[in-house]
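# Results of the structural survey
In case you want the letters, here they are:
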Amino acid sequence: MMRVAVLLTSLLCVAGGQNVTFPLQAGQLGDRMVVLDANGHRVKLACVNWYGAHMEDMVVNGLDVQSLENISNKISELGFNCIRLPFALDTFYLNPVVPETRLTANPELIGRTAMEILDKTVESLTNNGLIVLLNNHVSTAMWCCSSTDGEGLWYTKEYPTEMWEDCLVQMVSRYKENPLVAGMDLRNEVRAANGEFASWGTGKVTDWAKAAELAGNKILEVNPDMLIIVEGILSAGNLIGALVKKVELSRPEKLVYSGHIYPFSPIISDLPYSLFKSTMHSMQTFVADAGFNYSAPYWMGEFGCGGDSEKWQHILQFLQETDHDWGYWSLDGYKYPGEEEGFGILNSDYQTLRYPWKMDQLRTIMPILSDHKP
């Protein structure tokens, strides 16, 4: 089990300079539910996704061109305070030795397994003051997502629900003594798979709210400090089910709901801004309204763009006006080595900015923008 210097105290200076007392929890600020530290101070999660560990080689991208330390330093330097770190169930259960070609800038990692390198990645990120939110992205290691990949539900033929739950429990146990590993995003973009449609509150085998509740409570038995992040159904686009069936955790203050939105998201992205904003609230962000049975913080765990556009500006304006927490997709300079990632913050050298204008825009939504008083 990994032990690093940050374990000496729960009062830590995170990237961006804020002193945070861990663990994190949900709480009310004005008329909004937000993430707070243990002293009741708001911690706005301004995150970036760093992917690769959920894909075929089961290692974060960029380690062939930059050291882990250089990339972690760069993330902190850019102003992010948080990383969403996707992994596959394959990453945990198969745990292969990572191909040497993916590690040429990190010779000390050559010969290590996927989980050993994930440990080193978490260690490097948290030593740089970055909050880590783990995310089970897929079961079988691959790029996500499509309507035909068979990965839309949390269970597959290869990995039934019990194995999904066991992986999540063992992952949070693995990093239990590192307070900066602060949350588990239970499953990415729950949607239909193999003719089955995800539901919410039905009590059926496809009931995502029930599955999230059971898995979340098992995680809290092992690590009661962990934030439990539950995405909406319809590829994280729909949290409406929470109106009638909230996810009931043994520690309700650990629940965070999450949604995703992109310029290419069907229907909603085509709306004029006023309708876009109201529809986002009615489908996703209403959960953060304080004072209701369903109330819990909201985190936009994925959004992103290639080029600038009116649809991208709608998302940015929405976050500027509503001050919700977020996680940009993605940091990465490439999808696979040699295949550029147009949404990436960095170029394929994992040091220089792909689009400086985009980073300038993201910096406008990093600070806390409101006290949310009515």
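The rules behind each value
- Residues numbered from 1 in each chain as written.
- Predicted model: local features only at pLDDT ≥ 70, side-chain atom pairs only at ≥ 80, totals over all residues.
- Heavy atoms only, no water.
- Helix = DSSP H or I, 4+ residues; strand = E, 2+ residues; numbered from the N terminus.
- Buried < 20%, exposed > 50% of the residue type's maximum accessible area, 1.4 Å probe, protein only.
- Contact = heavy atoms within 4.5 Å.
- Patch = residues over 30% accessible without salt bridge, like charges linked within 9 Å, V, L, I, M, F, W, Y side chains within 5 Å.
- Areas by Shrake-Rupley, 256 points an atom, 1.4 Å probe, with all protein chains shown as cover.
- Salt bridge = Lys/Arg side-chain N within 4 Å of Asp/Glu carboxyl O.
- Pairing = 2+ DSSP bridges.
- Axes fitted to C-alpha atoms, helices over the stretch in contact; angles between N-to-C directions.
- Expected span 1.5 Å × (residues − 1).
- pLDDT = per-residue confidence, 0-100.
- Core = buried A, V, L, I, M, F, W, Y, C linked by side-chain atoms within 4.5 Å.

## Structural notes on the side chain of Asp185
- Topologically, Asp185 is positioned in strand β8 (residues 181-185).
- The buried category is assigned to Asp185, whose relative accessible area is 0%.
- Those residues within four positions of Asp185 in sequence are excluded, and the remaining contacts are Arg84, Leu134, Asn135, Asn136, Ile229, Glu231 and Trp299.

## Concerning the environment of Met226
- Tracing the backbone through its elements, the reader meets Met226 in the loop between α5 (208-222) and β9 (227-231).
- Met226 gets classed as buried once you look at its relative accessible area, which sits at 1%.
- Taking the C-alpha atoms as reference points, Met226 and Pro179, 47 residues apart in sequence, are found 8.8 Å from one another.
- When sequence neighbours within four positions are dropped, the list of residues in contact with Met226 reads Val172, Val181, Ala182, Gly183, Met184, Ile219, Leu220 and Lys254.

## Some details on a nonpolar patch on the surface
- On the surface, Ile240, Leu243 and Val244 cluster together to form a nonpolar patch covering roughly 290 Å² of accessible area.
- Following the sequence through the fold, Val244 ends up in the loop between α6 (233-236) and β10 (255-260).
- Accessibility expressed as a relative area gives 75% for Val244, which makes it exposed.

## Thoughts on the pattern of salt bridges
- Scanning the model with the defined rule gives 20 salt bridges in all.
- Members of the salt-bridge network, linked through shared partners, are Arg42, Lys44, Asp323 and Asp325.

## Description of the sheet that holds β9
- With respect to topology, eight strands assemble into a closed barrel ordered β5-β6-β7-β8-β9-β10-β11-β12, the strand pairing being parallel. The sheet shows a mean angle of 25° between the axes of neighbouring strands, direction not considered.
- Strands in contact with helix α8 (residues 310-322) are β11 (298-303) and β12 (325-328); relative to β11, the strand with the most contacts, it is inclined by about 155°.

## Let's talk about α8
- Here α8 spans 18 Å end to end across 13 residues, near enough to the 18 Å set by a 1.5 Å rise per residue.
- Of the positions making up α8, those classed as buried are Trp312, His314, Ile315, Leu316, Phe318, Leu319 and Thr322.
- Contact partners of the buried residues in α8: β4 (32-36), α7 (273-283), β11, β12 and α9 (356-363).
- One or two steps after α8, the chain reaches Asp323, where phi turns positive at roughly 65°.

## Structural notes on the confidence of the model for the chain
- Predicted confidence across the chain gives a mean pLDDT of 96, with 98% of residues reaching 70 or more.
- Low confidence marks residues 1-9, where pLDDT is under 50. Its contacts with residues over four positions away, or in another chain, come to 26 contacts.

## Things to note about the nonpolar core
- One finds Trp50, Trp208, Phe303 and Trp326 to be the most contacted residues of the largest nonpolar core, which totals 105 residues.
- If you tally residues by element for this core, the top one is α5, at seven residues.
- The contacts of Phe303, once residues within four sequence positions are left out, are Ile261, Tyr262, Trp312, Ile315, Leu319, Trp326, Gly327, Tyr328, Trp329, Leu362 and Ile365.

## Some points on helix α3 (residues 114-127)
- When the terminal C-alpha atoms of α3 are compared, their 20 Å separation across 14 residues agrees well with the 20 Å that a helix rising 1.5 Å per residue should span.
- Summarising burial for α3: 10 of the 14 residues are buried, a large majority.
- Of the positions making up α3, those classed as buried are Ala114, Met115, Ile117, Leu118, Asp119, Thr121, Val122, Ser124, Leu125 and Thr126.
- Where the residues of α3 are buried, they touch α1 (68-78), β6 (82-88), α2 (89-93), β7 (131-138), α4 (161-174) and β8.
- Gly129 occupies a position one or two residues after α3 and carries a positive phi of about 80°.

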